[in-house]
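Descriptive structure summary
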Amino acid sequence: MKYAFIRELRLLTPENYKQVFQQAHRAGSPHFTILARENALTHPRLGLAVPKKQIKTAVARNRFKRIVRDNFRLKQHELPTKDFVVIAKKSAQELTNAEMNEILNKLWHRLSRPSRG
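Residues numbered from 1 in each chain as written. Predicted model: local features only at pLDDT ≥ 70, side-chain atom pairs only at ≥ 80, totals over all residues. Heavy atoms only, no water.

**Topic: the side chain of D83**
Stated precisely, the cut-off is as follows: For helices the rule is a DSSP run of H or I covering at least 4 residues; for strands it is a run of E covering at least 2, with both sets numbered from the N terminus onward. Using a 1.4 Å probe on the protein chains alone, a residue whose accessible area is under 20% of its type maximum counts as buried, one over 50% counts as exposed, and one in between counts as partly exposed. Within 3.5 Å is the distance limit for a polar contact, defined as a pair of N or O atoms, with the added protein rule that one can donate a hydrogen and the other accept it, and that residues adjacent in sequence qualify only through two side-chain atoms. Note on contacts: a residue pair is in contact if any heavy atoms of the two residues lie within 4.5 Å.
Along the polypeptide, D83 turns up in strand 4 (residues 82-88). When its relative accessible area of 3% is taken as the criterion, D83 is described as buried. In terms of polar contacts, D83 uses its side chain to reach the side chain of N39, at 2.8 Å. Within the structure, the side chain of D83 is placed 2.9 Å from the side chain of R45, a separation counted as a polar contact. Apart from the residues lying within four places of it in its own chain, the contact partners of D83 are L11, V20, L35, A36, R37, N39 and R45.

As structure tokens, then:
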């Protein structure tokens, strides 16, 4: 399959998500927020939180997830070994694919810098 997403690159269990939500570094925009926390692995992992309350239709939620996964796939080799959770906000569905990719690239870059605290 052309866009096969490797299972090891995903956050799969509630425990994985819970760890990221505790003591996470945060980068956000008006459209979505990315939380990041160091992991003990050799590669970054991605988790998605796309609430029905924020993005109503399944088509829009799936589009959001598809774009984020693809952007992460292209950027994963430049990212630090962290677990990332992308949280959608209501306005994310109004963005074009190019706008969403541009914002994601800025947020990945912001979270890749060494923390100042």
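**As for the sheet that holds strand 4**
Applicable threshold: By this definition, two strands are paired if DSSP reports at least two bridges between them. Only the stretch in contact is used when fitting a helix axis, every axis being a line fitted to C-alpha atoms; angles between N-to-C directions are given from 0 to 180 degrees.
Spatial ordering of the open sheet is given by 1-2-4-3, a layout of 4 strands whose pairing is mixed. With partners counted over all chains shown, the strands left at the sheet margins are strand 1 (25-28) and strand 3 (45-49), one partner each. Neighbour to neighbour, the strand axes of the sheet diverge by 20° on average, direction disregarded. When strand 1 meets strand 2 (residues 32-38), the two strands line up antiparallel, connected through 4 bridges. Across the sheet, residue A27 finds its bridge partner in strand 2, namely I34. In this fold helix 2 (residues 58-75) packs onto strand 2, strand 3 and strand 4, with an angle of close to 165° to the strand it touches most, strand 3.

**Some details on the packing of aromatic side chains**
Let me state the cut-off plainly: Each Phe, Tyr or Trp ring, with Trp reduced to its six-membered ring, pairs with another whose centre is within 6.5 Å; inter-plane angles below 30 degrees give stacked pairs, above 60 give edge-to-face pairs, and intermediate values give tilted ones.
One pass over the structure, following the stated rule, counts 4 aromatic pairs. For the pair F32 and F64, a centre-to-centre distance of 5.7 Å together with 70° between the ring planes defines the contact as edge-to-face. Taken together, the residues F32 in strand 2 and F64 in helix 2 connect sequence positions 32 residues apart. The burial state of F32 is the same as that of F64; both residues are buried.

**Details of the pattern of salt bridges**
Note the threshold: A carboxyl oxygen of Asp or Glu within 4 Å of a side-chain nitrogen of Lys or Arg is what we treat as a salt bridge.
Evaluation of the coordinates by the stated rule reveals 4 salt bridges. Between D70 and R73 there is a salt bridge, with the nearest N and O atoms lying 2.6 Å from each other. Here the residue D70 and the residue R73 both occupy positions in helix 2, the gap between them amounting to 3 residues, near one helical turn. We classify R73 as partly exposed; its relative accessible area is 28%. Across the pair K106 and E102 runs a salt bridge whose closest N-O atoms are separated by 3.7 Å. Separated by 4 residues within a single helix, K106 and E102 lie in helix 3 (residues 97-112), roughly one turn from each other. Under the relative-accessibility criterion, K106 is labelled exposed at 52%. Accessibility expressed as a relative area gives 47% for E102, which makes it partly exposed.

In short, the description is geometric, and any link to function would need to be established separately.
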